[in-house]
Amino acid sequence: MDDATARPSLAPTHPGRVPSALPEPPPRARRPRARLRQLAADQHGLFTSAQAQDAGIDRHGLRRWRETGEISNVTRGVWSFASAPATERRAAMAVLLREGDDAALATSSAAALLGFGGFALLPPHVMRIRSARDPKSRTGHTSTRFHAGHVTVIDALRVTTSARTLFDLAARLHPERVARLTDRCLSLRLTTYRDLLAVLDDLQGRGRPGIQAMRAIIEARSDPDYRPTDSNLEHRFEQILRDHDVRGFERQVVLGDDEGVIGRVDYTHRHVPVVAEI
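The sections below set out a description of the structure shown in this document. (Residues numbered from 1 in each chain as written. Predicted model: local features only at pLDDT ≥ 70, side-chain atom pairs only at ≥ 80, totals over all residues. Heavy atoms only, no water.)

1. Some details on the packing of helix H8 (residues 175-187) against helix H11 (residues 232-243)
- Where H8 contacts H11, the two axes come as close as 10 Å, and the packing angle between them is 125°. Compared by their axis directions, H8 and H11 come out oblique. Like other packed secondary-structure pairs, H8 and H11 cross with a definite hand, here right-handed. Contacts between H8 and H11 involve Glu-176, Ala-179, Arg-180 and Asp-183 from the former and Asn-232, His-235 and Gln-239 from the latter.
- Across the contact of H8 with H11, the residue classes tally to one nonpolar, three polar and three charged. (Axes fitted to C-alpha atoms, helices over the stretch in contact; angles between N-to-C directions. Helix = DSSP H or I, 4+ residues; strand = E, 2+ residues; numbered from the N terminus. Parallel < 35°, antiparallel > 145°, perpendicular 65-115°, else oblique. Left-handed = near helix turned anticlockwise from the far one by under 90°. Contact = heavy atoms within 4.5 Å. Nonpolar A, V, L, I, M, F, W, Y, C, P; charged D, E, K, R; others polar.)

Put into C-alpha cells, the structure is as follows:
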C-alpha cells in the first residue's frame, strides 16, 4: 500500500466547501458565570451567595472572582457585577435579597415605588413575617399577618400592595394625610374599595396601630357614589366643609342649560346657586 492510499485525504468532502475547525468548548468556569450573569440581569445586576452556590461557584470561587474586579460584595451574602449601575432600585434589591424570599419593600419605600408621591425609596424599609429572633431595626418591619396576598412585584422588586401600604402608613402618619393618600390611590386606581376591605379583614385586631383610623377612612368612602378627591386642595376644602358642618356641595359637576353643556366645575351646591373652583 503506497502513501496515497495509507493516509486519509484532507481534500474537501464537498466541492467548494472548506472544513473549519470546531470551536473549543467554553471553560467549565465560564458556564456558571454565564448563568449568574443571566440571573443577575433580572435582579438589577445582583446575585446572592446561595444563588452562586446553586450555579456551581462556592465561596472560594467568589473570592477569586472578586479579585479580578468583575464582581464586588454589596452587603451580607449579596454580590454585584461591576458593570451594574448603582441605582436606588439596585440598593433596594440588595436589601431584599439579603432579607430573604419572604421580604418585601414596605411603608415609605413601598409608597415611593407605588407612586404615592412625597416618599423616598431609600433607605429601604422592608417587611417580613415575624419570628422570635428578629432584631429591632429602624427600617426592618415584621408582622405576623403578612402573606403573599399583600405583595406585588414592580420592576423585579417585591413590594407591599397599595392597600397594605396604606394600612402600614396609618400606624405612622397623621390620619388626615392617610385619608388624602387613600383618595389619591383610589383616584389613580392603585387600589380599590374592595382591596381596602380585604386588608382590613386580614389585619383588624385589638391594639394594632392605625386600624381605627383606616376603618374610619374606609367607612367614610363606603357610599357607592363616592368619588375620591383629585387633589390635596380639594381634600382640604372638603375637610373645611366638614369642620363647619356645611353640607350640600357636590364635586366635579357638569353644568349646562337647554342649549348644551357649559362646563365642569369643582364644586356646586345642590340647593344654593353657588359654585366653588379650587
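That covers the picture; the talk isn't over yet.
2. A closer look at the layout of surface pockets
- Estimated volume of the largest pocket: approximately 820 Å³.
- Contributing to the lining of the largest pocket are 28 residues, with Ala-220, Tyr-226, Glu-238, Arg-242 and Arg-251 lying nearest its centre.
- Of all the secondary structure elements, the ones that give two or more residues to the lining of the largest pocket are H8, helix H10 (211-219), H11 and strand S9 (249-257).
- If one sorts the elements of the lining of the largest pocket by residue count, H11 sits on top with five residues. (1 Å grid on protein atoms, 1.4 Å probe; cavity = no way out; pocket = protein on both sides within 12 Å on 5 of 7 lines; lining within 4 Å. Points joined across faces, edges and corners; volume = space filled by probe spheres on them.)

3. What to know about the sheet that holds strand S2 (residues 71-75)
- Pairing within the open sheet is antiparallel, and its three strands lie in the order S1-S3-S2. Each edge of the open sheet is held by one strand with a lone partner, namely strand S1 (46-48) and S2. Taking each pair of neighbouring strands and ignoring which way they run, the sheet shows an average axis angle of 35°.
- Of the pairings in the sheet, the one linking S2 to strand S3 (residues 78-81) comprises four bridges and is antiparallel in character. For Ile-71, the partnering residue across the bridge sits in S3 and is Phe-81.
- Contacting S1, S2 and S3, helix H4 (residues 59-67) runs over the sheet at an angle of about 115° to S2.
- The strands that helix H5 (residues 88-99) touches are S1, S2 and S3; relative to S1, the one it contacts most, it runs at about 10°. (Pairing = 2+ DSSP bridges.)

4. Here's the deal with the packing of helix H9 (residues 193-203) against H10
- Direction vectors running N to C along H9 and H10 enclose 150°, while the axes themselves pass 11 Å from each other. The pairing of H9 with H10 is recorded here as roughly antiparallel in orientation. For the crossing formed where H9 meets H10, the hand is left-handed. Residues Tyr-193, Leu-196, Leu-197, Leu-200 and Leu-203 of H9 form the contact with H10, whose participating residues are Ile-211, Met-214, Arg-215 and Ile-218.

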